[in-house]
Amino acid sequence: ENADGKYISPFHDIPLFAGSKEDKEIPAKRSKTTGSEVLFNMIVEAPRWTNAKMEIATEEPLNPIKHDTKKGELRYVANIFPHKGYIWNYGALPQTWEDPNHTDNITGCCGDNDPIDVCEIGSKILSSGEIVQVKVLGVLALVDEGETDWKIIAISADDPEAQKIHGKYLYIDDVRKHKPGYLEATVDWFQLYKVPDGKPENHFAFNGEFKNKDFAVEIIKSTHEHWKALLHKKVDGGTVKCTNVLVSGSPFCCSEEDARSIVQSAPALMNGDSVPPEVDSWYFFPK
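What counts, and at which threshold
- Residues numbered from 1 in each chain as written.
- Predicted model: local features only at pLDDT ≥ 70, side-chain atom pairs only at ≥ 80, totals over all residues.
- Heavy atoms only, no water.
- UniProt positions renumbered as here; feature names shortened; annotations may be inferred.
- Helix = DSSP H or I, 4+ residues; strand = E, 2+ residues; numbered from the N terminus.
- Contact = heavy atoms within 4.5 Å.
- Areas by Shrake-Rupley, 256 points an atom, 1.4 Å probe, with all protein chains shown as cover.
- Buried < 20%, exposed > 50% of the residue type's maximum accessible area, 1.4 Å probe, protein only.
- Salt bridge = Lys/Arg side-chain N within 4 Å of Asp/Glu carboxyl O.
- Pairing = 2+ DSSP bridges.
- Core = buried A, V, L, I, M, F, W, Y, C linked by side-chain atoms within 4.5 Å.
- Expected span 1.5 Å × (residues − 1).

The chain carries the name inorganic diphosphatase in an unreviewed UniProt entry, which gives Illadopsis cleaveri as its organism. Quoted straight from UniProt, the Subunit (unreviewed entry) entry for the chain says "Homodimer." Taken directly from UniProt, the Cofactor (unreviewed entry) text for the chain runs: "Mg(2+)".

See below:
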């Protein structure tokens, strides 16, 4: 729900660019900046140190955050020694989409059909469904099973170290200075996290080197344009559900009543009920 109590899609209706603290509307009327920097909204899916594979359900109406399943089984990320679960607050940028029909000029691979991923490296453990204003620091170009899967490195704008780290240097060396070992651990984690499932190691563009903030922002803008094309039916989104409440001019825009009906017809446990034995996943709409 947004500030007005309206049900919305976290994928489509939360703005990419963060509004000022005085402007609590979603979508925001203007972009928030800190100095000369534009901040972005991040949707937290999986808090740091947790293992449940929580994701925005792109193929379900209004795209709730859901515990992902495969072959009827709940999915978890393994503990990759010496790490425990996700080593950052993991989530996504709304209003972005990595188009599976578009070949990335840099990686030579098509997109993974999801919003662009974010690794938030601040000091606080965030909550699933939390919307956080983040400062982008850089990006890692993961090639996951032949698909382009950009990983944005960011920090909460309210984090005590946010003003020290800018990501403007080549290979974001200022992150290494203030968070020693974190970037190396990030590369290690993404390279190995599917190995316990019997899959091969992942690979990276640029030999696993991180690109800086300016490069990352251009990637974000590109995926935002792909999302715009998706929401205005200029490209085929396949099974992706584009139902939204607030995107002006989108043919997928629905009424508040329709959105409420979608939510109320979803599994009862979405509203905090106990999990019945026949249900093997749960839904969560962020507030």
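Even after reading the chapter, I still don't get the overall build of the chain, so can you show me in this structure?
The number of helices and strands found in the chain is four helices and 14 strands. Sequence-distant contacts in the chain: of pairs separated by 6 or more residues, those separated by 24 or more amount to 66%. Within the structure as shown, the chain displays about 13400 Å² of accessible surface, and the carbon and sulfur contribution to it stands at 50%.

Help me out: how do you make sense of unusual backbone geometry in this one?
Glycine aside, residues mostly have negative phi, and peptide bonds are mostly found in the trans state. Looking along the chain, the bond that leaves F81 and enters P82 is cis, with omega of 5°. Mapped onto the fold, P82 is located in the loop between β7 (73–74) and β8 (89–92). The backbone of L62 sits at a positive phi, close to 65°, despite the residue not being glycine. Locating L62 in the fold gives a position in the loop between β4 (54–56) and β5 (65–67). Its identity is not glycine, yet K71 carries a phi of approximately 55°, on the positive side. Mapped onto the secondary structure, K71 falls in the loop between β6 (69–70) and β7. K71 gets classed as exposed once you look at its relative accessible area, which sits at 81%.

Any chance you could explain the pattern of salt bridges here in plain terms?
Any two side chains of opposite charge can pair, given that their charged atoms come close. Scanning all chains against the criterion turns up 14 salt bridges. E60 is the salt-bridge partner of K66, the closest N and O atoms lying 2.7 Å from each other. Judged on exposure class, the residue K66 and its partner E60 are both buried. The shortest N-O distance in the salt bridge between D68 and R75 comes to 2.8 Å.

What should I look at first to understand the pairing of strand β10 (residues 131–144) in this one?
Along β10, 12 of the 14 residues are buried, which leaves the element largely enclosed by surrounding structure. Bridge count between strand β3 (residues 40–46) and β10: four bridges; the pairing is antiparallel. By the bridge assignment, N41 is partnered in β10 with Q133. As paired elements, β10 and strand β11 (residues 147–156) share 10 bridges and run antiparallel to each other. Residue pairing in the sheet places L140 in a bridge with K151 of β11. In sequence, β10 turns back onto β11 through a hairpin of two residues, with E145 there showing a positive phi of about 50°. Pairing analysis gives two bridges linking β10 to strand β13 (residues 211–212), with the strands arranged antiparallel. The partner of V139 across the bridge, within β13, is K211. Of the strand pairs in this sheet, β10 and strand β12 (residues 203–204) are connected by two bridges, and their pairing is antiparallel. Residue L142 lies in a different strand from β12, and its bridge partner there is F204.

How should the nonpolar core be read in this particular structure?
Nonpolar side chains in soluble globular proteins tend to be buried together. Core analysis: the largest hydrophobic core is formed by 26 residues, its most contacted members being W88, I121, W189 and F190. Residues I8, V240, V247 and V263 belong to the second largest nonpolar core, which totals 22 residues.

Which parts of the structure should I look at to understand helix α3 (residues 213–231)?
Counted at 1.5 Å a residue, the expected span for α3 with its 19 residues is 27 Å, and the 27 Å between its end C-alpha atoms agrees. Residues of α3 that are buried: K213, A216, V217, I219, I220, T223, H224, H226, W227, A229, L230 and L231. Elements that come into contact with the buried residues of α3 comprise β2 (37–38), β3, β10, β11 and β13. K233 sits one or two positions beyond α3 and adopts a positive phi of about 60°.

Before we go on, may I ask you to explain helix α2 (residues 182–192) in this structure?
Along an α-helix, a turn takes 3.6 residues, which lines up residues three or four apart on a common side. Taken together, the buried positions of α2 are occupied by Y182, L183, A185, T186, V187, W189 and F190. Here the buried face of α2 lies against β8, β9 (117–120), β10, β11, α1 (173–178) and β12.

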